[in-house]
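Fold and geometry: a report
Here is what each chain is made of, one letter per residue.
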Amino acid sequence: MIAVEQWTGEEGLLLRSVKRQSVRDFADDLGISPRTVSHWKEDPTRECRPHMAQILDAALARCTPEEQEAFRFRLATQRGEPVGSSGVEVAQPAPCAVVSYKFLPVYLGERLGSLYAAGAPRPSGPGGLEQRVLPGEHRTAHGSTIHVFACGIALVLLEEHQRVDSLTDLAVWRYRSYLTDRAWAGQRMTRLLEQCTPGAVDPSPDPEYVLSVYELRDHSWTKAGLDPALQLLTTPSVLVNRQDPQNIRPLGSGVEDAKFRDGWEHPEAVAFDGGASRGVAGWSGVSYHPQPDERALTTSQIVALELDVQALWALSSHILRVIEEGRDPVMPPAYGWRFLRGAYVRLTTARPTETAQHRVMREAILATSELPDRLRAAQDALRDSNP
């Protein structure tokens, strides 16, 4: 039998996360007001009164053996205590806080000229791409900007802060929000084009895909749990059923529990270190857990690289799509095959001032995105049609 010596709001919220209940359902089970559970979120360290502690003791006793074991492991991890029957730590799902960065690029070509003229100048990134920035004006995001690249790409960047009870919950939010984010990004760019070029009638420029970067902030994992957490942040598709994109559903709590227990790693993901920090790059995203160490990489460095990588990925995809449709790709002379060659060299060549941590991060992102191969293919195609 598990005994909690002193219940606080933090332990109450941990019990709710183990039971995977909404605030209202959890409160109904305990016979308390949902407002009380909300107060725990506001002040998680506040000690519960004796009557409330008795209610929580009874609720924990009613949990299934699996839920009680999960609570024991998570509570021990949260307190930094050793867990496991033989002294070996067993990683478990747990609540965490992340900052999500979504990249939504779209090819605009010549239509981009008016947007570029209206944007505020911004320094070039690692790929040396000329860019300007416009306000995104997303209603709920913590931050939103539209990066306009002179080569013909507009890229929406959304920064959103999320606190979740499990990585499955985050994966469900991620895929469900992609649909609305892409629709909003297309509408926002359409309005900007109409404002900058009155009278122009063009198809809505909808982004074809979304790539995410996650900065893991508050969490209770030690190394045994941190590694699979970063892997799952990078490749969340293993936690959800995506057969119906309009109705993304979780696969069940047992799936995430098993991934943590087994120390799961995606075979195509690439881990990288940033000093004391850790990160993982995958096909659909990047996860990173920075440590307060001035030698470590910063998330802003990852975001700066991904801005150029995703802009070039969208540009090369447009060129290769034109070829697949049986047409010769035509680009302005300033952005022909020599432009792609220069970007390729800048992204794949180490700089004298580049740290080892930055180099391994850059190489991991380029390898998993397969951008170098796409740039070479697009470069060859442009050289053949525009010698």
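Below you will find a few notes about this structure. Since the structure is predicted, the reported quantities are computational estimates derived from the model, not experimental observations.

**As for the overall build of the protein**
Check the secondary structure of the protein and you find 13 helices and eleven strands. With the C-alpha coordinates aligned to their principal axes, the bounding extent of the protein is approximately 80 × 45 × 40 Å. With 387 residues in all, the protein has 50% of them scored as buried. Considering only contacts in the protein between residues 6 or more positions apart, those separated by 24 or more positions represent 69%.

**Some words on the environment of Glu11**
Looking at where Glu11 falls in the secondary structure, it is placed in helix H1 (residues 9-19). The exposure class assigned to Glu11 is buried, which follows from its relative accessible area of 6%. Each C-alpha atom, one on Glu11 and one on Ser287, is 27 Å from the other, the two residues being 276 residues apart in sequence. In terms of polar contacts, Glu11 uses its side chain to reach the side chain of Thr8, at 2.3 Å.

**Describing the packing of aromatic side chains**
Scanning the entire structure with this criterion turns up seven aromatic pairs. Here the aromatic rings of Phe272 and Tyr288 are separated by 6.0 Å at their centres, their planes lie at 15°, and the arrangement is stacked. Linking Phe272 in strand E9 (residues 270-274) with Tyr288 in strand E11 (residues 285-289), this pair joins segments that are 16 residues apart in sequence. Here the two residues Phe272 and Tyr288 agree in accessibility, since each one is buried. Site record: aromatic cluster; members linked through ring pairs are Tyr209, Trp283 and Trp313.

**Some words on the packing of H1 against helix H5 (residues 65-78)**
Each pair of packed helices can be described by the angle between their axes along with the distance between the axes. The contact between H1 and H5 brings their axes to 10 Å, and the two run at 140°. Comparing the axis directions of H1 and H5 gives the class oblique. Viewed along their axes, H1 and H5 form a crossing whose handedness is right-handed. On H5, the residues touching Glu10, Glu11, Leu14, Leu15, Ser17, Val18 and Lys19 of H1 are Glu67, Ala70, Phe71, Arg74, Leu75 and Gln78. Residues that form the contact of H1 with H5 fall into these classes: six nonpolar, two polar and five charged.

**A short note on the side chain of Thr8**
One can find Thr8 in the segment before H1. Thr8 gets classed as buried once you look at its relative accessible area, which sits at 11%. Excluding anything up to four places from it in sequence, Thr8 contacts Pro44, Thr45, Arg46, Glu47 and Cys48.

**Here's the deal with the environment of Lys223**
Within the element layout of this structure, Lys223 appears in helix H8 (residues 223-234). In this structure Lys223 comes out as exposed when scored by relative accessible area, which is 53%. Distance from Lys223 to Ala91, taken between C-alpha atoms, is 8.9 Å for residues 132 residues apart in sequence.

**Structural notes on the nonpolar core**
By size, the foremost hydrophobic cluster in this structure holds 90 residues, and its most contacted members are Phe103, Leu167, Trp221, Phe272, Leu312 and Leu340. Excluding its chain neighbours within four sequence positions, the residues that come into contact with Phe272 are Arg278, Gly279, Val280, Ala281, Val286, Ser287, Tyr288, Leu297, Ile302, Val360, Met361 and Ala364.

**Focus on helix H7 (residues 167-196)**
In this model H7 runs 41 Å from its N-terminal to its C-terminal C-alpha over 30 residues, within 8% of the 44 Å that 1.5 Å per residue would give. Along H7, the helix axis deviates most sharply at Tyr178, where the bend reaches about 30°.

**A look at the pattern of salt bridges**
On inspection of all chains with the given rule, the structure shows 14 salt bridges. Here Asp227 and Arg278 are joined by a salt bridge, their closest N and O atoms 2.8 Å apart. Linking Asp227 in helix H8 with Arg278 in strand E10 (residues 277-281), this pair joins segments that are 51 residues apart in sequence. Of the residues examined, Arg278 reaches a relative accessible area of 25% and is grouped as partly exposed.

**Quick word on the packing of helix H2 (residues 23-30) against helix H4 (residues 50-62)**
The contact between H2 and H4 brings their axes to 10 Å, and the two run at 100°. Between H2 and H4, the interaxial angle falls into the category roughly perpendicular. Here H2 contributes Phe26, Asp29 and Leu30 to the contact with H4, which in turn contributes Ile55, Leu56, Ala59 and Arg62. Partitioned by chemical class, the residues of the contact of H2 with H4 number five nonpolar, no polar and two charged.

**Describing the layout of surface pockets**
Taken as a whole, the largest pocket spans an internal volume of roughly 690 Å³. Lining the largest pocket we find 27 residues, and of these Tyr209, Val210, Arg242, Trp283 and Ser284 sit closest to its centre. Here the lining of the largest pocket takes five residues from H7, the largest share from any one element. Partitioned by chemical class, the residues of the lining of the largest pocket number 13 nonpolar, eight polar and six charged. Of the pockets and cavities examined, the second largest pocket occupies roughly 500 Å³. Looking at the second largest pocket, it is lined by 17 residues, and the ones nearest its centre are Leu13, Pro95, Cys96, Arg163 and Asp165. For the lining of the second largest pocket, the secondary structure elements donating two or more residues are H1 and strand E5 (153-164).

Criteria and cut-off values
Residues numbered from 1 in each chain as written. Predicted model: local features only at pLDDT ≥ 70, side-chain atom pairs only at ≥ 80, totals over all residues. Heavy atoms only, no water. Helix = DSSP H or I, 4+ residues; strand = E, 2+ residues; numbered from the N terminus. Buried < 20%, exposed > 50% of the residue type's maximum accessible area, 1.4 Å probe, protein only. Contact = heavy atoms within 4.5 Å. Polar contact = N/O pair within 3.5 Å; in protein donor to acceptor, adjacent residues only side chain to side chain. Phe/Tyr/Trp six-rings, centres within 6.5 Å; stacked < 30°, edge-to-face > 60°. Axes fitted to C-alpha atoms, helices over the stretch in contact; angles between N-to-C directions. Parallel < 35°, antiparallel > 145°, perpendicular 65-115°, else oblique. Left-handed = near helix turned anticlockwise from the far one by under 90°. Nonpolar A, V, L, I, M, F, W, Y, C, P; charged D, E, K, R; others polar. Core = buried A, V, L, I, M, F, W, Y, C linked by side-chain atoms within 4.5 Å. Expected span 1.5 Å × (residues − 1). Bend = angle between axes of the 7 residues up to and from the residue. Salt bridge = Lys/Arg side-chain N within 4 Å of Asp/Glu carboxyl O. 1 Å grid on protein atoms, 1.4 Å probe; cavity = no way out; pocket = protein on both sides within 12 Å on 5 of 7 lines; lining within 4 Å. Points joined across faces, edges and corners; volume = space filled by probe spheres on them.

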